[in-house]
Amino acid sequence: MMTMMIMNMKRRGSQRRKRRRTKKEKRKQQKQEEENEDVDMDGRRRSSVFQTVFQPAHFHAHSNARRGSVSSEAEIRSALEKPKHTDSFADEENVLDPNDEAPGPISWSPAALVNASRSKQSGGKTNQQGFYAQVGGSSSTTRKTTGLGGWVQNLMQPKRSDKELPKDYNLNSIGRSDSMMTVSASSPHSRESSASTSKPKKKKRSKYGKLARHESIDWGDESALGDHDEEEEESVVSRQESSEIELKVVDSCSFSDINEANENWNANTDYVEKLVWYRDRRRLGIIGTLVVVFLAGCSALYFSGGNEQTGNPKEADTFDATIKENIPDSNHVKEDDPIYPLPPPPPIYHSVLQGGFDGTSLKPLSADDFKNIIEKITPDADILSNSETPQAKAMAWSLEERTKYNIEVPVRVGVRYALATLYYATNGDKWLNNTNWKSGHECLWNGVYCDLDANNIVSVTILNLVTNNLDGSIPEEIGYIESLQRIELGSNQLVGPIPQTFSRLYELRTLSVSDNQLTGEIGANIDGLTKLTNLDLASNRFRGHVPHGLGGIPTLSYVRLSNNRFTGAFPTSFISLNNLHTLLIDNNAIGGTLPALIGMMKTLVNLRLHKNDFYGDLPNFSDAILLETAHFDDNFFKGPLPQFGSQRLRELYLDKNSLTGAIPISYGGHPKLQILSARNNDLSSTIPASLASATNLGVLDLSYNKLSGELSQNLSQLTQLRQLYLNNNRLQGSFPAWLGSMKNLEIAHFNNNLFSGDLQLGYEFENLDYLTEFTIEFNQISGIVPEDVCDLLLDVLTADCWGNPAALDCPCCTKCF
């Protein structure tokens, strides 16, 4: 595009130079004719410039004024008062020209004469200050260009109003040195009261090479000087061919100086054109660079859009990253995470509460005893002295409760203080259910459950405030309720870290704080909980490595760390957990390879590792005989599909990896398999007919692979199939007519394959009452879509029905391709 623009500008420049030469020749010929006609008897030219209202005495007065004569002003005034002399100007040639404008009597100079002469020749006018402008406006204002080249020129040249002349475009100064610029004090147009002289400046070398300015010349607006045609002359002049141009400065006002001034004018015009080109060439280069950058950016966006590169950015040197298409997610939705089983809370033994409080102690606790117990739990005196802290509010409440009830067991004082601190720290007044809190026995508070210990003492064992609008942080004081066995605070608005004091809860079996906004790392505050069986930290903002210390808790059976910001490698210590049946660590940034021993965990039932940064080959799970759900999708696994030995396998997700090879025939040997999803991989070969043995299969998604061959009719035995995705493969042969036997089918995608022949759908197709989506476009199928299909009123029905003639006639398609 830039090359065409430059060639176009060169062609227009050549045309402009040709027109300019023609005009110059015409002006030169006209000027020669005028010189031949305008010669008087004394050999002086009688140009129309001098055919003005001024008498010859004006010029004598002007000469006297320049010589400093005292009578110059009087002579000028007397000349102005004399009647117009018409005898010597009676011929037709000497009629006043309407374009002539007489400058003031003191304004005569060679530059003024040149100005007037050029005004006459070019049809323009001059004002009293000696400014030149065409009749229709200056060349910079009347120039109009069209096309891309004209747009670029108009962009580079600032426009001026037709009514406004450039202030620095004064030709009076051309042809006069600085020392000659004197104005008589008697002139009515004079701005200075006395003549001033200045030493002429030395010539400076221009930054444009050998071209040099003459400092005795007031150049004015360079962009407005020169002989302007319809467009701005732009000609490339090399610096080697350029030469310095010197103007001969005249000191008199004789008529013969006009020719020399005109020559200087033409020379100055060429010089200014060179300067303007050097300036415009730089602007043109900047604009060209911006255009090239813009086009390059557009090209990059066009050719790179629609694809995304997938790979493990943290382990780029370990394996080859693959490029995957931006493929939309499938319609089938995963089931919720399995929930750990919990026993019901223990009953409340009202018989041992004895009216709600202790009555067996021989020594009641004083206020100082209360303070001592509280200070052991919260040793920071600044916190207790600040009345705005939850701890200070809880201590004040505890001291007030001492006067109401007979509390004589020190442990209960600490438990009640810790629970009150949780109430104030999480804005308990706005809980959804705060029944009985801060009133009566703590075992009767909502969410607080108690049980009898070995010494037949009532102790708080369960704190369950799930989905109760707790807003704040978990106070450290909760860690001093050492009798707690279950803490369930999920689905609230808790922030901050897990308190370090939780490491004191040696009786804790269940810790569930999922669906909050908790932060920080986990480690020592949990590693020491040797009786912990259920750990649920999902859907928070925890970070750091998954602690290997969790593998040292032999009782751990349920671990749910999903939807956090954990990093690092897979904790190999988990393999030693002989009671672990559920491991959910999906939606994190955990990377590395999976240890092969994970496939030998015989107690493993649920394994979800999807949406992480795992890579390498998937291990076989032949020994995981209890495995029911296995989610490996959205990682960077490669190699063949793994083998599974469990007959209880229900869900197998392998989507969005780089797995290769064929689908194992053994996959048909899982009778309870309900979901098999391996979309967006590099699987090849054919779809095994053995899949027909998985009669409970409800979702089969093998789209976006490289599967080929014909579909086996044995697949018609999958009568429980609800969603079938085989699109974007290389499947061949005739379209399966047995599709109508899948009576529970809801979605069937066959588009972007190589099916050919006439569309033959069996009569059973009309019985697919649950079908909502049916896509067969971008194949080689011909024929007519049966009316039975149209009668199903599908939400999505797409085919190759575009064009005239169309490959497939489909009167009821929702979209044609």
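Provided above is the structure to which this section pertains.
Quick caveat: nothing in here was measured; it's all calculated off a predicted structure.

Draft legend 1. Structural context of the overall build of the protein. Regarding its fold elements, the protein presents 13 helices and 38 strands. Relative to its full complement of 817 residues, the protein shows a buried share of 47%. Accessible area of the protein: about 40900 Å², with a carbon and sulfur share of 50%.

Draft legend 2. Highlighting the state of the cysteines. Going through the model one piece at a time under the given rule, you end up with 4 disulfides. Covalent S-S linkage joins C810 and C813, the inter-sulfur distance amounting to 1.9 Å. Where C810 bonds to C813 through sulfur, the torsion about that S-S bond is close to 100°, and the disulfide is right-handed. In this pair, the class of C810 matches that of C813, namely buried.

Draft legend 3. View of the pairing of strand 36 (residues 796-799). Relative to strand 36, strand 34 (residues 773-775) runs parallel, the two sharing 3 bridges. Bridge assignment links F774 to a residue of strand 36, and that residue is L797. As paired strands, strand 36 and strand 38 (residues 815-816) are joined by 2 bridges and run parallel to one another. Bridged to A799 within strand 38 is C816.

Draft legend 4. Layout of the packing of helix 8 (residues 367-377) against helix 11 (residues 410-425). Contact geometry for helix 8 and helix 11: axes closest at 10 Å, N-to-C directions at 60°. Looking at the two axes, helix 8 sits oblique to helix 11. Taken as a pair, helix 8 and helix 11 cross one another with a handedness that is right-handed. Of the residues in helix 11, those touching helix 8 at F370, I373, I374 and I377 are P410, V413, G414 and Y417. For the contact of helix 8 with helix 11, the class distribution of residues is 7 nonpolar, 1 polar and no charged.

Draft legend 5. Broad picture of the sheet that holds strand 19 (residues 591-592). The strand order 19-21-23-25-27 describes an open sheet built from 5 strands, whose pairing is parallel. In the strand order of this sheet, the two ends are held by strand 19 and strand 27 (682-683), each with one partner. Taken together, the 2 bridges between strand 23 (residues 636-639) and strand 25 (residues 658-661) define a ladder with parallel strand orientation. Paired with G639 across the strands is L659, a residue of strand 25.

Draft legend 6. Fine view of helix 11. With 16 residues, helix 11 ought to run about 22 Å at 1.5 Å a step, and its terminal C-alpha atoms sit 23 Å apart, in line with that. Counting buried residues along helix 11, 13 of its 16 residues qualify, which places the element largely inside the surrounding structure. Taken from the residues just after helix 11, N427 is the one with a positive phi, measuring 55°.

Draft legend 7. Spatial organisation of the side chain of S398. The residue S398 is located in helix 10 (residues 390-402) in this model. The class for S398 is buried, based on a relative accessible area of 4%. Sequence-distant contacts of S398, that is, excluding residues within four places in its chain, are made with F370, I374 and Y417.

Draft legend 8. Examining the packing of helix 10 against helix 11 more closely. Two elements in contact, helix 10 and helix 11, have axes whose closest approach is 8 Å; the angle formed by their N-to-C orientations is 135°. In this view, helix 10 runs oblique relative to helix 11, as classed from their interaxial angle. In terms of crossing hand, the pair formed by helix 10 and helix 11 is right-handed. Here P390, Q391, K393, A394, M395, W397, S398 and E401 of helix 10 come into contact with helix 11, specifically with R416, Y417, A420, T421, Y424 and A425. Looking at the contact of helix 10 with helix 11 residue by residue, the class counts come to 8 nonpolar, 3 polar and 3 charged.

Draft legend 9. Expanded view of the pairing of strand 15 (residues 541-545). Across 2 bridges, the pairing between strand 13 (residues 517-520) and strand 15 is parallel. By the bridge assignment, G520 is partnered in strand 15 with F542.

Draft legend 10. Quick look at the environment of R679. Within the secondary structure layout, R679 lies in the loop between strand 26 (675-677) and strand 27. As for R679 and S703, which are separated by 24 residues in sequence, their C-alpha atoms are 4.8 Å apart. Within the structure, R679 has its side chain in polar contact with the side chain of D701 (distance 2.8 Å). Looking at R679, its side chain comes within polar contact range of the side chain of S703, at 3.5 Å.

Draft legend 11. Examining unusual backbone geometry more closely. Residue P805 is reached from N804 by a cis peptide bond, and omega for that bond is 5°. For P805, the position within the fold is in the loop between strand 36 and strand 37 (808-809). Here K656, not a glycine, exhibits a phi torsion of approximately 55°, which is positive. Note on placement: K656 falls in the loop between strand 24 (651-653) and strand 25. Residue N752 is not a glycine yet carries a positive backbone phi of 60°. Examined against the element boundaries, N752 turns out to sit in the loop between strand 32 (747-749) and strand 33 (756-758). Overall, N752 belongs to the partly exposed group, its relative accessible area being 28%.

Draft legend 12. Highlighting the pattern of salt bridges. According to the stated counting rule, one finds 13 salt bridges in the structure shown. Notably, a salt bridge pairs E488 with R486, separated by 2.9 Å at the nearest N-O pair. Overall, E488 belongs to the buried group, its relative accessible area being 7%. Overlapping salt bridges, with partners in common, bring together E401, R412, R416 and E442 in one network.

Draft legend 13. Structural detail: the packing of aromatic side chains. Across all of its chains, the model carries 20 aromatic pairs by this definition. On the basis of an interplanar angle of 70° and a centroid distance of 4.9 Å, the ring pair of F735 and F750 is categorised as edge-to-face. On the criterion of sequence distance, the pair formed by F735 in the loop between strand 31 (730-731) and strand 32 and F750 in the loop between strand 32 and strand 33 is long-range, its members being 15 residues apart. With relative accessibility at 4%, the residue F735 sits in the buried group. Taken together, a centroid distance of 5.3 Å and an interplanar angle of 55° make the contact between F765 and F774 tilted. Clustering of aromatic rings is evident, with ring pairs tying together F570, F574, F614, F621, F632, F637, F644 and Y667.

Draft legend 14. Representation of the sheet that holds strand 37 within the structure. Spatial ordering of the open sheet is given by 33-35-37, a layout of 3 strands whose pairing is parallel. Edge positions in the open sheet fall to strand 33 and strand 37, since each of these has one partner strand only. When strand 35 (residues 780-784) meets strand 37, the two strands line up parallel, connected through 2 bridges. When the sheet's bridge partners are listed, I784 is paired in strand 37 with D809.

Draft legend 15. Examining the nonpolar core more closely. Counting 124 residues, the largest nonpolar core has I526, F632, L652, F735, L739, F750 and F774 as its most contacted members. Of all the elements in the fold, those that place two or more residues in this core are helix 8, helix 10, helix 11, strand 7 (448-452), strand 8 (458-464) and strand 36. Counting residues per element, this core draws most heavily on helix 11, which supplies 7 residues. Among the nonpolar cores identified, the runner-up in size contains 5 residues, and L365, I373, I407 and V413 belong to it.

Draft legend 16. Structural view of the environment of V546. Tracing the backbone shows V546 in the loop between strand 15 and strand 16 (558-560). In the structure, V546 is positioned 23 residues away from G523 in sequence and 8.0 Å away in space, judged by C-alpha atoms. Not counting chain neighbours up to four residues away, the residues in contact with V546 comprise L561, F566, T567, P571, F574 and I590.

Draft legend 17. Fine view of the side chain of N516. Inspection of the secondary structure assignment puts N516 in the loop between strand 12 (510-512) and strand 13. N516 sits in the buried class, given a relative accessible area of 6%. At 3.1 Å, the side chain of N516 and the backbone oxygen of L489 are in polar contact. Here the side chain of N516 touches L494 through a polar contact of 3.0 Å, landing on its backbone nitrogen. When residues no more than four places from it in sequence are discounted, the contact partners of N516 are L489, G490, S491, N492, Q493, L494, S539 and N540.

Definitions and cut-offs
- Residues numbered from 1 in each chain as written.
- Predicted model: local features only at pLDDT ≥ 70, side-chain atom pairs only at ≥ 80, totals over all residues.
- Heavy atoms only, no water.
- Helix = DSSP H or I, 4+ residues; strand = E, 2+ residues; numbered from the N terminus.
- Buried < 20%, exposed > 50% of the residue type's maximum accessible area, 1.4 Å probe, protein only.
- Areas by Shrake-Rupley, 256 points an atom, 1.4 Å probe, with all protein chains shown as cover.
- Disulfide = S-S within 2.5 Å.
- Pairing = 2+ DSSP bridges.
- Axes fitted to C-alpha atoms, helices over the stretch in contact; angles between N-to-C directions.
- Parallel < 35°, antiparallel > 145°, perpendicular 65-115°, else oblique.
- Left-handed = near helix turned anticlockwise from the far one by under 90°.
- Contact = heavy atoms within 4.5 Å.
- Nonpolar A, V, L, I, M, F, W, Y, C, P; charged D, E, K, R; others polar.
- Expected span 1.5 Å × (residues − 1).
- Polar contact = N/O pair within 3.5 Å; in protein donor to acceptor, adjacent residues only side chain to side chain.
- Salt bridge = Lys/Arg side-chain N within 4 Å of Asp/Glu carboxyl O.
- Phe/Tyr/Trp six-rings, centres within 6.5 Å; stacked < 30°, edge-to-face > 60°.
- Core = buried A, V, L, I, M, F, W, Y, C linked by side-chain atoms within 4.5 Å.

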